[in-house]
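Structural overview
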Amino acid sequence: MLSRVQWFFKISIFAIALALSANAVPLENRAADITGDVTYYDAGLGACGIQNTNSDFIAAVSTQYFDSFPGYNGVNPNSNPLCGRNIQVAYQGRTVTVAVTDRCGGCAYGDLDLTPTAFSQLADLSAGRLHGATWDLV
């Protein structure tokens, strides 16, 4: 039979494991309902090591989001698991799906920088900045 100490230890380990699993967020859901501003920029060679043009449907996420993404070791941005992941951006009833290929040094945590082609799916380029857009990893 288990002593009281052994029993308490086993129950404690089980409770901790249960609590940790309940708080775990699947990687696919990490970006659920992030809200921020959306701007556009001239594409080129991005942080993921991918050359893009303004006609591509790509995005740059904030440096803070990019550098804290699970699985990224902070050494080589080309190896960030976020690179190439698709995100769906929504703004005032319009949506666009873009691939992450860059990071945006001037963006706040939830902000995105899109190519002009991707931005124009959400609003006219003359808008310049869209406040309150939402996005998710897909």
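Just above sits the structure.
Residues numbered from 1 in each chain as written. Predicted model: local features only at pLDDT ≥ 70, side-chain atom pairs only at ≥ 80, totals over all residues. Heavy atoms only, no water.

1. Considerations on the packing of aromatic side chains
By the definition in use, this model includes five aromatic pairs. A ring pair is formed by Tyr65 and Phe69, whose centres lie 5.9 Å apart and whose planes are at 55 degrees; its orientation type is tilted. For Tyr65, a relative accessible area of 0% gives the class buried. Classification of Phe69 by relative accessible area gives buried; the value is 1%. A ring pair is formed by Tyr65 and Trp135, whose centres lie 5.2 Å apart and whose planes are at 80 degrees; its orientation type is edge-to-face. With Tyr65 in helix H2 (residues 63-67) and Trp135 in strand E6 (residues 130-137), this pair connects stretches of sequence that are 70 residues apart. (Phe/Tyr/Trp six-rings, centres within 6.5 Å; stacked < 30°, edge-to-face > 60°. Buried < 20%, exposed > 50% of the residue type's maximum accessible area, 1.4 Å probe, protein only. Helix = DSSP H or I, 4+ residues; strand = E, 2+ residues; numbered from the N terminus.)

2. Focus on the sheet that holds E6
Taken in spatial order, the six strands line up as E1-E5-E2-E4-E3-E6 and close into a barrel, and their pairing is mixed. With strand direction ignored, the average angle separating the axes of adjacent strands in the sheet is 45 degrees. Sheet topology note: the strand E2 (residues 58-62)/strand E4 (residues 94-104) ladder contains five bridges and is parallel. Bridge pairing in E4 places Ala59 opposite Val100. (Pairing = 2+ DSSP bridges. Axes fitted to C-alpha atoms, helices over the stretch in contact; angles between N-to-C directions.)

Purely geometric numbers; function is a separate question.
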